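# Working through the structure, step by step
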Amino acid sequence: MATKGMNLCNVCCLLLYFTTAVLAGRDFYKILGVTKSASIRDIKKAYRKLALQLHPDRNQDDPEAPDKFADLGAAYEVLSDEEKRKQYDAYGEDGLKEGHGGSHNDIFSSFFGDFGFMFGGNRQQQDRNIPRGNDIVLDLEVTLEEVYSGNFVEVVRVKPVAKEAPGKRKCNCRQEMRTTQLGPGRFQMTQEVVCDECPNIKLVNEERTLEVEIEQGVRDEMEYPFIGEGEPHIDGEPGDLRFRIKVLKHAVFERRGDDLYTNVTISLVEALVGFEMDITHLDGHKVRIVRDKITKSGARLWKKGEGLPNIDNINIRGSLIISFDVEFPQTQLDESQKDGIRSLLKQSSVQKIYNGLQGY
Amino acid sequence: MNTLNTVVRVLTRWALVLFLWSGCDGGGGSELNLVTCGSLVKLLNTRHNVRLHSHDVKYGSGSGQQSVTGVESADDANSYWRVRGQTGGPCQRGAAVKCGQAIRITHMTTGRNLHTHHFTSPLSNNQEVSAFGEAGEGDDLDVWAVQCDGEHWVRDAAVRFMHVGTRVYLSVTGEQYGHPIRGQREVHAMPSANQHNWWRAMEGVFIQPSAAPLRHDEL
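Given the structure is predicted, the values throughout are model-derived calculations rather than measurements.

Rules used in this analysis
Residues numbered from 1 in each chain as written. Chains lettered and ligands numbered in written order. Predicted model: local features only at pLDDT ≥ 70, side-chain atom pairs only at ≥ 80, totals over all residues. Heavy atoms only, no water. Helix = DSSP H or I, 4+ residues; strand = E, 2+ residues; numbered from the N terminus. Buried < 20%, exposed > 50% of the residue type's maximum accessible area, 1.4 Å probe, protein only. Contact = heavy atoms within 4.5 Å. Areas by Shrake-Rupley, 256 points an atom, 1.4 Å probe, with all protein chains shown as cover. Polar contact = N/O pair within 3.5 Å; in protein donor to acceptor, adjacent residues only side chain to side chain. Core = buried A, V, L, I, M, F, W, Y, C linked by side-chain atoms within 4.5 Å. Pairing = 2+ DSSP bridges. Axes fitted to C-alpha atoms, helices over the stretch in contact; angles between N-to-C directions. UniProt positions renumbered as here; feature names shortened; annotations may be inferred. Disulfide = S-S within 2.5 Å. Expected span 1.5 Å × (residues − 1). Phe/Tyr/Trp six-rings, centres within 6.5 Å; stacked < 30°, edge-to-face > 60°.

Further remarks concern the overall build of chain A. Scanning chain A from N- to C-terminus turns up 10 helices and 11 strands. A total of 360 residues make up chain A; the buried ones form 37% of that total. Taking as baseline every contact in chain A between residues at least 6 positions apart, the subset at least 24 positions apart corresponds to 66%. As displayed, chain A has an accessible area near 22,000 Å², and 52% of this comes from carbon and sulfur atoms.

Structural data, given as structure tokens:
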């Protein structure tokens, strides 16, 4: 009876807590879909996924899309900052200090680049005549641990940005044929370089921070583009910055697709009588192996679900395939040991001769 | 009811503080103004105001390998170089490069390493500097030591690059090429440390160190 009363009291308190939380402002944790104890990495991951889904350009039929997107930006801005998050947790949205009206565009572009809102290949469909700056491709080395658990890499981009300068400059220079009249009926054609006049531009270096996500299950050579973060073009648009993933070799695990392969050497005794062991996985958790039967050299053990997460659905995992090889004792046996082994093992002489390389 | 609310709030606040304190998934350190392993940089020669550059143009003399020059423009992707460790050497992504550390400098677009050897440079008769290797792998003559004051290579600080194999400094003295790379300066290596061998890391993509991925160690 006492427990029932306590439960009711708890529920009432929780309800009141949440109502006050709701009345006190937006629930940022709910907007991002994370728990209150989410790590900064979980928050970044949630923001990045939702930002792509909720961007107004992607949801042009939804009249509430701009509001939802603005809520998302506000939620990330608060929860990604240690100070602001502490205040929010204590006092709710109202308790936050003034002046947090930072531009959502800044946050969005630190994950996707300056022109990241051009979805669906709009960029390619644009007028081909607009000149574009060079693209930059950076090889990003990632460890297998990062492929398993995911990670974020912060990067500072220092790039030249076109700024207005006093005066004019020559632009769109081209060769033109000019016809001049030398006399009655006599003409001369010459080639001339003709330029337009444009406002003068100088290039000034600016810094900004970008966030690259190493998604769980990412494959080698996959690219993460940041639109507009490449090299500028004085007469046109900047190129893109692309991070190309390079997965490093690992001392213990070998990757094949979503499966992981590893080798274990056991002693001859363990192979014959059985053994128990743990394999420490990429995120520290232990995979238990228990054998009580004889383990042949070359035997393989399949552990389903212990491979890498699939990049399209991280709930699906590959398998861990463990191959055993046997280490024979180093010291030679004396006669009594040999007799002992003959009588223990009771295996008669085999001596089968065959061509092992052709499947006989 | 009100007191219970405040108690719950206070508890959550302290739980959060403790959680953040415990360093679970603690954020990586900030190396905001340092040059780190894996970063892309453009290197500016401070005396002649040109950026280290390479392209698919070979020397017509000397080794005949891919040429390395200095260019005036600031918006050419062919002026990007990647900072990497020695072959098999430690240079963890995002780790700040120490003064004196041996590194390789790999040209972004062609994948060849900054390299020098006992060949004469075409314009000034100093030691020829070329871009050598395939897909980032060359040989021992790709290794340079970053010489700077202080502990780490700071962006915007003037540093020297000394070649570990032949003990010469990456330099520019102002000689200019003609056609087909008109206006580009010769980049070479010389034995003396002087005003011509100061370089500064300018534009680039500077990788910050990451937090280690979350671990779930069982007790």
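Let's shift gears to the overall build of chain B. Scanning chain B from terminus to terminus reveals one helix and 12 strands. Its helices and strands in sequence order give chain B the pattern α-β-β-β-β-β-β-β-β-β-β-β-β, from N to C terminus. Looking at the 219 residues of chain B, the share that counts as buried comes to 51%. A total of about 9,900 Å² of accessible surface is found on chain B, and carbon and sulfur atoms cover 52% of it.

In an α-helix, one turn spans 3.6 residues, which is why side chains three or four residues apart end up on the same side. Residue and element names in this part refer to chain A. All buried positions along helix H5 (residues 82–91) are accounted for by Arg 85, Gln 87, Tyr 88, Asp 89 and Ala 90. N-capping of H5 is provided by Asp 81, with a side-chain oxygen placed 2.9 Å from the backbone N of Glu 83. Backbone geometry just after H5 places Gly 92 at a positive phi near 80 degrees.

Judged by nonpolar contacts, the single largest core of 40 residues is most densely connected at Leu 140 and Phe 243 of chain A. Counting 36 residues, the second-largest nonpolar core is a separate cluster that includes Cys 37, Leu 52, Ile 103 and Val 172 of chain B.

Take the sheet that holds strand E7 (residues 259–267) of chain A next. All names here are of chain A. The strand order E6-E7-E11-E10 describes an open sheet built from four strands, whose pairing is mixed. Two strands bound the open sheet, and with one partner strand each, they are strand E6 (254–256) and strand E10 (300–303). When the angles between neighbouring strand axes are averaged without regard to direction, this sheet yields 30 degrees. Pairing of E6 with E7, which is carried by three bridges, proceeds in the antiparallel orientation. Paired with Glu 254 across the strands is Tyr 261, a residue of E7.

It is worth spelling out the pairing of strand E5 (residues 241–247) of chain A at this point. Residues and elements named next belong to chain A. Sheet topology places strand E1 (residues 136–142) next to E5; seven bridges connect them, and they run parallel. For Ile 136, the partnering residue across the bridge sits in E5 and is Leu 241. Here strand E4 (residues 223–226) runs beside E5; their pairing, made up of four bridges, is antiparallel. Counterpart to Phe 226 in the pairing with E5 is Leu 241.

Here we come to the UniProt feature "domain: J" (unreviewed entry) in chain A. Under the feature "domain: J" (unreviewed entry), the UniProt entry names residues 27–92 of chain A. Measuring from the first to the last C-alpha atom of residues 27–92 of chain A gives 8 Å, for a span that is 68% helix and 0% strand.

Residues and elements named next belong to chain B. Here the structure, examined in full by the defined rule, presents two disulfides over all chains. Sulfur-sulfur distance for the disulfide between Cys 37 and Cys 91 comes to 1.8 Å. In this structure, the disulfide formed by Cys 37 and Cys 91 twists by about -80 degrees around the S-S bond and is classed as left-handed. Within this pair, whereas Cys 37 is found in the loop between helix H1 (2–21) and strand E1 (40–45), its partner Cys 91 is found in the loop between strand E4 (81–85) and strand E5 (102–107), the two being separated by 54 residues in sequence. Each of the two residues, Cys 37 as well as Cys 91, counts as buried. Two residues share a disulfide in this structure: Cys 99 and Cys 148, whose sulfurs sit 1.8 Å from each other.

A separate point is helix H4 (residues 65–79) of chain A. Between its first and last C-alpha atoms H4 of chain A spans 21 Å; for 15 residues at 1.5 Å apiece the expected length is 21 Å, and the two agree. Here H4 of chain A has its buried residues at Ala 65, Phe 69, Leu 72, Gly 73, Ala 74, Ala 75, Tyr 76, Glu 77, Val 78 and Leu 79 of chain A.

Let us look at the sheet that holds E1 of chain A. Residue and element names in this part refer to chain A. Strand order in the open sheet made by the three strands is E1-E5-E4, with mixed pairing throughout. Where the open sheet ends on each side, the last strands, each with one partner, are E1 and E4. Each neighbouring strand pair of the sheet contributes to a mean axis angle of 25 degrees, computed without reference to strand direction.

All names here are of chain A. Within the structure shown, the criterion is met by 12 aromatic pairs over all chains. A centroid spacing of 6.1 Å and a plane angle of 45 degrees characterise the contact between Tyr 29 and Tyr 88, whose relative ring orientation is tilted. Placement of the pair is Tyr 29 in helix H2 (residues 28–32) and Tyr 88 in helix H5, with a sequence separation of 59 residues. Here Phe 226 and Phe 243 contribute two aromatic rings whose centre-to-centre distance is 5.5 Å and whose plane-to-plane angle is 80 degrees, an arrangement assigned as edge-to-face. With Phe 226 in strand E4 and Phe 243 in strand E5, the pair connects residues that are 17 residues apart, well separated along the chain.

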